[in-house]
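What the coordinates show
Below, each chain spelled out in residue letters.
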Amino acid sequence: MIASQPAQPIQQKNSVEQDRGRRHGMAVATALVLAAALLQWILSTQGMRFLFVTLYPAVMLAALYGGVRAGGLATYLSATIAGYFWIEPPGSLVAPAPIDFLGVAFFVANGFLVSWVVENVQQSNLRRQQAEGSRRVELERLIAERTIDLSKQIVERETAEARMRLALEATESGIWEWTLATGRNVWSDNLWRLFGLDATGQEASYELWRRSVHPDDRARVTQLIVAEASAGHDFELSWRVHLPTGAPERWLLSRGRPVMGVDGKPERYIGIVIDVSERKRAEDAEERFRALFENMQDGCAYCRMVYDESGQPVDFVPLAANPAFYRLTGVENVIGERMTEALPNVSEAWPGLIEIFGRVAQTGRPERFEIAFKPMGRWLNVSVCRPGPDHFVAIFDDITERKQAEDAVQTSEKRLKAFLENSALIAWLKDDEGRYVFMSENFQRRAGLRLEDALGRSDFDLFPRAVAEHCRKSDLAALAAKAPIESLEPVPNPDGSVGWWLNNKFTYRDSSGRRYVGGLGVDITARFEAEAALRKSEQRLQRFYNSGLLGLFYWNVNGQIVDANDKFLEMIGYERDDMAASRIDWRQMVAPEFGRLNDHSFAEFVAIGVNSAPFEQEYVRKDGSRLPVLFAAAMLDETRCDGVSFVVDITERKQALEALVLAKAEAERANIAKSKFLAAASHDLRQPLQSLTALLRVIEMQIANKQNTDGALKKAQNAVNSLNGLLRGILDIARLDAGVVAPVKTSVDLSEMLMRLTDEYRARAVETGLSLCFAPRALRTHTDATLLERIVRNLIENALRYTSVGGVLIGLRRRGANVRLDVIDTGIGIPADKQSEIFQEFHQLNNPVRDASRGLGLGLAIVSRLAKLLGVEVDVRSRLGRGTRFSLLLPWNRPRQPPSKPNGRSSVRAAAFSSSTTMKRCARLMKHCWNAWATRFSARTPEKKPWRSPNRKGGDSMPFSPIIGSAPA
């Protein structure tokens with residue numbers, strides 16, 4: 001296309017010139033003919049009559065100048081002029097010579113022929129000139145383009161040469177020459193510095209160079225040079241320079257070439273030395289990068305995108321991949337192959353993957369996304385970037401565990417939501433400024449609010465100001481408190497009335513550090529409504545009490561009758577003075593043959609905690625006579641220490657109802673069995689609610705008697721606390737079972753932790769008459785401090801709860817590469833066949849009535865789960881009536897610096913057994929605990945004697961030293 005562009009202008013130019021030449025040729029032809037005729041006339045006047053002698057050249061010149069037209073015109077004019085002037089016309093006086101006519105004919109024929117030949121020659125020449133012109137123009141264009149290219153190349157070469165000169169100037173290099181025969185060396189100035197040598201006062205030599213080589217490379221380099229020089233070969237070698245200690249490592253590269261003598265043997269070597277330290281470091285860095293690339297846990301692949309004819313991405317070709325990529329994707333040997341060929345179902349396995357890779361390769365915008373890789377059952381987090389056009393790098397991170405944890409959290413959240421939506425609890429969460437961020441459906445329903453209207457708004461926006469101020473005050477108190485608090489708050493009901501909620505408020509801090517106030521509440525509006533009904537009921541009860549229809553008395557578990565109506569005193573023959581003087585014992589009033597029945601019924605009654613079934617027995621009156629009665633009782637409160645009994649004199653009916661007694665007794669036994677079954681089968685969550693129901697009845701009676709209700713309210717509060725504790729325990733177990741608790745292991749100072757826990761629980765132990773001691777040891781472990789502390793807390797609380805005499809001892813000692821943490825008590829002990837059951841949920845020994853004050857049966861279940869999470873072994877050793885030892889086997893974290901050896905007595909023992917009263921009690925407790933265990937161990941290994949302190953005189957031994965000292969257990 002470029003070559004054809006000048007052809008048309010050239011042809012047009014030649015055509016114009018040709019037309020102009022024709023017009024000029026006609027004129028020139030006329031002029032030439034006239035000039036030739038004039039010359040012919042002049043010659044003829046001189047007697048030289050040579051016809052057409054001058055006209056032939058005129059015709060030829062005209063033809064040459066103007067072509068066939070000019071030649072023809074010249075021929076015609078010449079023939080006309082010749083015939084007119086020099087040839088006699090026919091009929092003239094002088095007859096024309098025949099040869100003249102032949103000459104004219106020959107001249108005309110020859111003129112036209114010459115003109116035609118000249119025209120053809122000129123046209124051929126013109127075409128040749130046009131072709132040559134076109135070739136010349138094209139050649140000139142090509143020359144111009146080549147000239148431009150050469151100019152660019154020259155400029156680029158000059159630029160490159162300039163850069164090369166700068167690079168050579170900046171290159172750390174030097175040249176050398178080595179004469180083999182004389183051993184003479186010549187070094188450039190820069191070479192001395194590269195060798196780390198000082199040129200002052202020294203002469204370059206082979207031995208001096210050899211000493212500059214690092215000792216580790218000297219033998220290798222010397223052997224190579226000697227071998228190559230002997231053979232006369234070129235050589236290239238690298239070595240490290242022997243520099244002073246602490247100087248950066250320097251690598252040199254030398255290339256040598258021999259100069260041959262006339263005998264064909266090398267006479268000398270010339271070469272160059274280059275500092276390649278940076279290149280070596282780059283190679284090392286590349287090697288480290290390659291090692292990192294090959295060993296990184298995340299999969300990495302460098303790929304080239306493949307497009308179809310329309311430019312849409314359809315496939316990609318891996319160019320490089322690390323082993324983790326193959327492990328995560330399950331593909332093998334895909335380098336250089338199209339992924340759709342190596343993994344035909346790639347579109348089904350990774351939906352949308354090729355489109356995302358193509359978008360990144362085209363736009364250059366990095367993307368990050370998560371994808372489920374179904375063939376491997378994995379979730380992958382993929383990060384994609386573009387290092388160059390149509391290429392991309394993809395990094396695959398395995399997030400399967402995180403996804404599973406998120407699913408577990410979502411499942412746990414769904415369970416919690418279902419629990420909140422289907423229970424009577426009211427739940428909410430506010431930020432530190434009092435704005436709602438969560439509100440349960442119970443809250444919305446009871447307060448008459450919609451979630452979309454409440455979120456982001458405070459109590460001042462939703463409730464009357466007095467109610468809002470009350471709520472905000474308790475919120476601030478919860479934020480300031482270190483533990484959950486309880487508050488009683490008024491809340492407007494949808495119908496305009498005011499309800500009362502008993503709330504348990506706590507604080508929560510999210511990952512950003514922002515604090516929130518959360519709460520769980522119970523609507524106790526019914527309690528206030530029940531108080532009026534309780535007053536009326538109390539009045540009715542008082543009238544019934546004084547009616548004399550049956551005997552009624554109030555008692556305590558010590559056997560004392562604290563109050564009775566007149567009817568009862570009349571039935572048993574006692575006076576009120578006897579009752580005031582505590583001379584009436586309700587247990588001694590029972591006839592001996594009914595004593596066992598009465599005791600059994602009372603035990604069942606106390607265990608069940610509800611109204612007892614009426615039963616018959618006989619009382620011994622003050623005068624010794626017998627009184628058959630129908631007896632029934634009821635507990636007054638949850639302490640099960642006080643009750644009320646109802647007595648009916650059945651003397652007159654006893655004979656008539658003798659047959660019914662057996663049926664009644666059978667019915668009572670069936671009722672008791674049913675009550676026992678319901679008590680054993682009912683869920684622990686219902687117990688606090690049942691307690692609240694019973695307390696409402698007590699409060700009703702106390703209000704009717706105008707008694708103080710603070711005690712009952714406090715017990716109701718304790719019941720709610722028990723319910724909250726049970727819920728927290730259940731939620732803790734749910735979180736542990738869901739696997740959302742991840743341990744964060746660090747180095748933990750066990751002595752500091754246990755000393756702090758001992759100080760924290762010592763006051764509680766003293767309140768119950770127990771001793772709590774810790775034998776400190778400077779030991780550390782590597783584990784999660786928070787989870788380990790939770791385990792130890794549960795063990796300490798369990799030990800204090802089931803120990804009535806003696807105390808609890810906490811000890812530490814080394815066990816090879818482990819540390820054993822012991823919690824030893826002098827409690828009731830655990831039967832051998834029950835030691836595996838105590839770690840089950842809601843399983844308690846010696847607590848058949850499910851007394852919440854003795855725990856919920858969840859502490860050891862949480863200990864078992866936390867220990868499994870931390871990989872800690874829990875060991876239980878126990879003897880009934882002697883005590884129990886719980887042991888944790890923890891990994892020992894070796895201290896950075898070994899502790900200094902103590903002089904004289906053990907510093908630990910000195911710290912553990914000071915002269916303070918507390919430490920003396922601790923020593924006595926440790927001695928008591930160890931003696932108990934030593935008795936059992938001595939029974940197993942009688943040949944071993946208890947260890948005695950060498951620092952003690954007489955027979956007073958310290959057998960507990962294996963816990964804190966270094967003697968074997």
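Parameters at a glance
- Residues numbered from 1 in each chain as written.
- Predicted model: local features only at pLDDT ≥ 70, side-chain atom pairs only at ≥ 80, totals over all residues.
- Heavy atoms only, no water.
- Helix = DSSP H or I, 4+ residues; strand = E, 2+ residues; numbered from the N terminus.
- Buried < 20%, exposed > 50% of the residue type's maximum accessible area, 1.4 Å probe, protein only.
- Contact = heavy atoms within 4.5 Å.
- Areas by Shrake-Rupley, 256 points an atom, 1.4 Å probe, with all protein chains shown as cover.
- Salt bridge = Lys/Arg side-chain N within 4 Å of Asp/Glu carboxyl O.
- Polar contact = N/O pair within 3.5 Å; in protein donor to acceptor, adjacent residues only side chain to side chain.
- Phe/Tyr/Trp six-rings, centres within 6.5 Å; stacked < 30°, edge-to-face > 60°.
- Lys NZ or Arg CZ within 6 Å of the ring centre and 35° of its normal.
- Pairing = 2+ DSSP bridges.
- Axes fitted to C-alpha atoms, helices over the stretch in contact; angles between N-to-C directions.
- Patch = residues over 30% accessible without salt bridge, like charges linked within 9 Å, V, L, I, M, F, W, Y side chains within 5 Å.
- Parallel < 35°, antiparallel > 145°, perpendicular 65-115°, else oblique.
- Left-handed = near helix turned anticlockwise from the far one by under 90°.
- Nonpolar A, V, L, I, M, F, W, Y, C, P; charged D, E, K, R; others polar.
- pLDDT = per-residue confidence, 0-100.
- Expected span 1.5 Å × (residues − 1).
- Bend = angle between axes of the 7 residues up to and from the residue.
- Disulfide = S-S within 2.5 Å.

Moving on, we get to the overall build of the chain. Counting secondary structure elements, the chain contains 30 helices and 27 strands. The buried share among the 969 residues of the chain stands at 39%. For the chain, restricting intrachain contacts to residue pairs at least 6 apart in sequence, the fraction spanning at least 24 positions comes to 56%. Of the roughly 55000 Å² that the chain leaves accessible, carbon and sulfur atoms contribute 55%.

Let us look at the pattern of salt bridges. As enumerated under the stated definition, the model contains 48 salt bridges in all. Among the salt bridges present, the one from Glu 789 reaches Arg 756, with a minimum N-O distance of 3.0 Å. On the criterion of sequence distance, the pair formed by Glu 789 in helix H26 (residues 785-801) and Arg 756 in helix H25 (residues 750-767) is long-range, its members being 33 residues apart. With a relative accessible area of 34%, Arg 756 lands in the partly exposed category.

For the rest of this paragraph, the subject is the side chain of Asp 475. You can see Asp 475 is positioned in helix H16 (residues 465-480). By relative accessible area, Asp 475 is classed as buried at 2%. Separated by 2.4 Å, the side chains of Asp 475 and Lys 505 make a polar contact. For Asp 475, the contacting residues outside a window of four places in its chain are Lys 430, Asp 459, Lys 505 and Val 517.

Turning our attention to the packing of aromatic side chains. Counted under the stated rule, the structure contains 22 aromatic pairs. Between Phe 325 and Tyr 326, the ring centres sit 5.8 Å apart and the planes meet at 70°, which makes this aromatic pair edge-to-face. By relative accessible area, which is 2% here, Phe 325 ends up buried. Owing to a relative accessible area of 22%, Tyr 326 belongs among the partly exposed residues under this scheme. For the pair Phe 568 and Tyr 619, a centre-to-centre distance of 6.5 Å together with 90° between the ring planes defines the contact as edge-to-face. Linking Phe 568 in helix H18 (residues 566-572) with Tyr 619 in strand S18 (residues 615-620), this pair joins segments that are 51 residues apart in sequence. Residues Phe 568 and Tyr 619 agree in their burial class; the two are buried. Through pairs of rings, three or more aromatic residues link up here, namely Trp 176, Trp 178, Trp 187, Trp 192, Phe 195, Tyr 206, Trp 209, Phe 235, Trp 239 and Tyr 269. Against the face of Trp 892 rests Arg 814, its NZ or CZ located 3.6 Å from the ring centre.

Bringing the sheet that holds strand S16 (residues 551-556) into the picture now. Read from one edge of the open sheet, 5 strands run S17-S16-S20-S19-S18, paired in antiparallel fashion. The sheet is open, and its two borders are formed by strand S17 (561-564) and S18, each paired with just one other strand. Across this sheet, the average inter-strand angle for adjacent strands is 35°, counted without regard to direction. Sheet strands in contact with helix H17 (residues 525-545) are S16, S17 and strand S20 (642-649), and its direction is about 110° off that of S16.

This part takes up unusual backbone geometry. One non-glycine residue, Asn 333, lies in positive phi territory at about 50°. Topologically, Asn 333 is positioned in the loop between helix H8 (323-329) and helix H9 (339-342). Phi is positive for Asp 390, close to 65°, though the residue is something other than glycine. Position of Asp 390 among the secondary structure elements: in the loop between strand S9 (378-385) and strand S10 (391-398).

With respect to burial, strand S19 (residues 626-635) is a largely interior element, 8 of its 10 residues being buried. Alignment of S18 against S19, held across 6 bridges, turns out to be antiparallel. Among the inter-strand pairings, Gln 617 is bridged to a residue of S19, identified as Val 629. Between S18 and S19, which pair antiparallel in sequence order, lie 5 residues; one of them, Gly 624, sits at a positive phi of approximately 90°. The sheet contact formed by S19 and S20 spans 7 bridges and is antiparallel. In the sheet register, Val 629 faces S20, and the bridge partner there is Asp 649.

What follows covers a nonpolar patch on the surface. A surface patch of nonpolar side chains, about 380 Å² in accessible area, is lined by Leu 113, Trp 116, Val 117 and Val 121. Relative to the helices and strands, Leu 113 is located in helix H3 (residues 98-170).

Backbone hydrogen bonds are what pair the strands of a sheet, in a parallel or an antiparallel way. Strand order in the open sheet made by the 5 strands is S7-S6-S10-S9-S8, with antiparallel pairing throughout. In this open sheet, the two strands that pair with only one neighbour each are strand S7 (313-321) and strand S8 (367-373). Each adjacent strand pair in this sheet contributes to an overall mean axis angle of 35°, direction not counted. As defined by bridge partners, S8 adjoins S9 across 7 bridges and the pair is classed as antiparallel. Considered in S9, the bridge of Phe 369 is made with Val 382. Set on the sheet, helix H12 (residues 400-422) makes contact with S8, S9 and S10; between it and S9 the angle comes to about 120°.

Let us now look at the packing of H26 against helix H27 (residues 859-870). The N-to-C vectors of H26 and H27 enclose an angle of 150°; their axes lie 9 Å apart at closest approach. In terms of orientation, H26 and H27 fall into the roughly antiparallel class. The two elements H26 and H27 meet at a crossing, and its hand is left-handed. Within the contact between the two elements, H26 uses Leu 787, Leu 788, Arg 790, Ile 791, Asn 794, Leu 795 and Asn 798 and H27 uses Gly 859, Leu 860, Ile 862, Val 863, Leu 866, Ala 867, Leu 869 and Leu 870. Among the residues forming the contact of H26 with H27, the class breakdown is 11 nonpolar, 3 polar and 1 charged.

The pLDDT averaged across the chain works out to 76; a share of 75% of its residues lies at or above 70. Predicted confidence for residues 1-7 stays below pLDDT 50, and this span has 6 contacts to residues more than four positions away or in other chains. Throughout residues 673-683 the model reports pLDDT below 50, and contacts reaching past four residues in sequence, or to other chains, amount to 4 contacts.

On to H12. Taking 1.5 Å of rise per residue, the 23 residues of H12 would be expected to cover 33 Å, and the 33 Å separating its terminal C-alpha atoms lies within 8% of that figure. Those residues of H12 not exposed but buried are Thr 400, Lys 403, Ala 408 and Leu 420.

With that out of the way, let us pick up the packing of H25 against H26. In a packed pair of helices, the relevant descriptors are the angle between the two axes and the axis-to-axis distance. Where H25 meets H26, the closest approach of the two axes is 11 Å, and the angle between their N-to-C directions is 35°. Like other packed secondary-structure pairs, H25 and H26 cross with a definite hand, here right-handed. Between H25, through Leu 750, Met 753, Leu 754, Arg 756, Leu 757, Glu 760, Tyr 761, Arg 764 and Ala 765, and H26, the contact on the second element is made entirely by Ala 785, Leu 788, Glu 789, Val 792, Arg 793, Ile 796, Glu 797, Leu 800 and Arg 801.

In this model, H17 (21 residues) spans 30 Å end to end at C-alpha, consistent with the 30 Å of a helix rising 1.5 Å per residue. Within H17, the axis deviates most sharply at Glu 531, by approximately 30°. Burial in H17 covers these residues: Thr 525, Arg 527, Glu 531, Leu 534, Glu 538 and Tyr 545.

Another aspect to go through is the environment of Glu 873. Tracing the sequence through the fold places Glu 873 in strand S26 (residues 873-879). Sequence separation between Glu 873 and Arg 820 is 53 residues, and the spatial gap between their C-alpha atoms is 9.7 Å. Glu 873 has contacts with Ser 887, Leu 888 and Leu 889, leaving out every residue within four places of it along the chain.

Here we come to the environment of Arg 240. Its location among the elements puts Arg 240 in strand S3 (residues 235-240). Among the residues examined, Arg 240 registers a relative accessible area of 18% and is labelled buried. In this structure, the C-alpha to C-alpha distance between Arg 240 and Val 213, residues 27 residues apart in sequence, is 6.1 Å. Ignoring any residue separated from it by four or fewer positions in sequence, one finds Arg 240 in contact with Ser 212, Val 213, His 214, Asp 216, Asp 217, Glu 249, Arg 250 and Trp 251.

The full count for this structure, using the stated rule, is 0 disulfides. Counting only cysteine sulfurs, Cys 385 is the nearest neighbor of Cys 300, a cysteine outside any disulfide, at a range of 8.3 Å.

Position of Ser 205 relative to the elements: it lies in the loop between helix H4 (189-194) and helix H5 (206-212). The exposure class of Ser 205 is partly exposed, given its relative accessible area of 24%. Distance from Ser 205 to Trp 187, taken between C-alpha atoms, is 9.0 Å for residues 18 residues apart in sequence. Beyond its immediate stretch of four places on either side in the chain, Ser 205 contacts Asn 185 and Trp 187.

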